[in-house]
Amino acid sequence: MPTRLLRSPPPARARYFGVASRGELLLHRAEPQYDDLYGDYGVEVTGYPAGWSVAAARSAITADIALLKPLLHDPDPAIRIRAAYALAAATDLDGTVRAAFRTRLDTEQDPIVQAALVFATAEATRAHPHPPTTVWMRERWRDRTQVSEARLAAAIGWLCLTDGAIPDDLRAAVDDLATDERAHAMDDLPWMAAAGGSGETGVQRCVREMLHPERPEPVEHDDLWPPRS
């Protein structure tokens, strides 16, 4: 079961491709009811409500938490990222999954995996609010001793966990951290890969929608009639 979950497209999540808003990027919608299986979840290619598969995937991940948690320590960074992504969708009422992310983060050396663990922590906290973790997230993006990728993930995660005014120091930190090179590197993270689109990386779209909502979405045009040489 864990291997199949790690290889599948976004497990246990409602429609979210291209979603990068502060209120929805890490949102876990409530378990769908029979008469509302289409609204947030859409329809599978089979014609069945996608809410059924989302609910089933969440249940499967939650049932396999004990099998998935060791994969946070796998030698392959890609497996560690996918394990964090899958586990972030689990029902974590006692906070054991969130604690596992924090424990792994204490020893993780790969900057992109660190960012994945921060995003996973934020997603788990979005589903199961935990004020101390929200405070920790704020401290993380303010801490200049942390790697840039993890600080940027913490800034985005903190924005998703709060709804108040955006501090000036966060804006300054994001402006400094969200370089084009880093934004493209962080598209290796499934959260950011799903959020991107229309010529923007996931980081670029998050920055625009969360910090600069007045900016229009860029439009890509396919050149069907290239100039003649």
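Residues numbered from 1 in each chain as written. Predicted model: local features only at pLDDT ≥ 70, side-chain atom pairs only at ≥ 80, totals over all residues. Heavy atoms only, no water.

Engineer: Looking at this structure, I do not really get the pattern of salt bridges. What am I missing?
Structural biologist: Opposite charge on two side chains allows them to pair when their charged atoms are near. For the coordinates displayed, the defined rule picks out 7 salt bridges. Of the charged contacts in the structure, one is a salt bridge between Arg80 and Glu108, with a shortest N-O distance of 2.9 Å. Of this pair, Arg80 sits in helix α4 (residues 77-87) while Glu108 sits in the loop between α5 (96-105) and α6 (111-127), and the two are 28 residues apart along the sequence. The class of Arg80 is buried, set by a relative accessible area of 8%. For Glu108, a relative accessible area of 4% translates into the label buried. Here the residues in one salt-bridge network are Glu200, Arg205, Arg208 and Glu209, joined through shared partners. (Salt bridge = Lys/Arg side-chain N within 4 Å of Asp/Glu carboxyl O. Helix = DSSP H or I, 4+ residues; strand = E, 2+ residues; numbered from the N terminus. Buried < 20%, exposed > 50% of the residue type's maximum accessible area, 1.4 Å probe, protein only.)

Engineer: Hey, could you run me through the state of the cysteines in this one?
Structural biologist: Disulfides are covalent bonds that link the sulfur atoms of two cysteine residues. Within this structure, the stated rule accounts for 0 disulfides. With no disulfide of its own, Cys206 lies closest to Cys160 among cysteine sulfurs, the gap being 6.8 Å. (Disulfide = S-S within 2.5 Å.)

Engineer: Even after reading the chapter, I still don't get the packing of α4 against α6, so can you show me in this structure?
Structural biologist: Helix packing for two helices is described by the angle between their axes and how far apart those axes are. Closest axis-to-axis distance for the α4/α6 pair is 9 Å, and the angle between their directions is 10°. In this view, α4 runs roughly parallel relative to α6, as classed from their interaxial angle. Between α4 and α6, the contacting residues are Pro77, Arg80, Ile81 and Ala84 on the first element and Ile112, Val113, Ala116, Leu117 and Ala120 on the second. (Axes fitted to C-alpha atoms, helices over the stretch in contact; angles between N-to-C directions. Parallel < 35°, antiparallel > 145°, perpendicular 65-115°, else oblique. Contact = heavy atoms within 4.5 Å.)

Engineer: Would you take a moment to explain the environment of Phe119 for this structure?
Structural biologist: Topologically, Phe119 is positioned in helix α6. For Phe119, a relative accessible area of 0% puts it in the buried group. Separated by 34 residues in sequence, Phe119 and Ala153 have C-alpha atoms that sit 6.0 Å apart. Setting aside its immediate chain neighbours within four residues, Phe119 contacts Leu26, Ala153, Ile156, Met186, Leu189, Trp191 and Met192.

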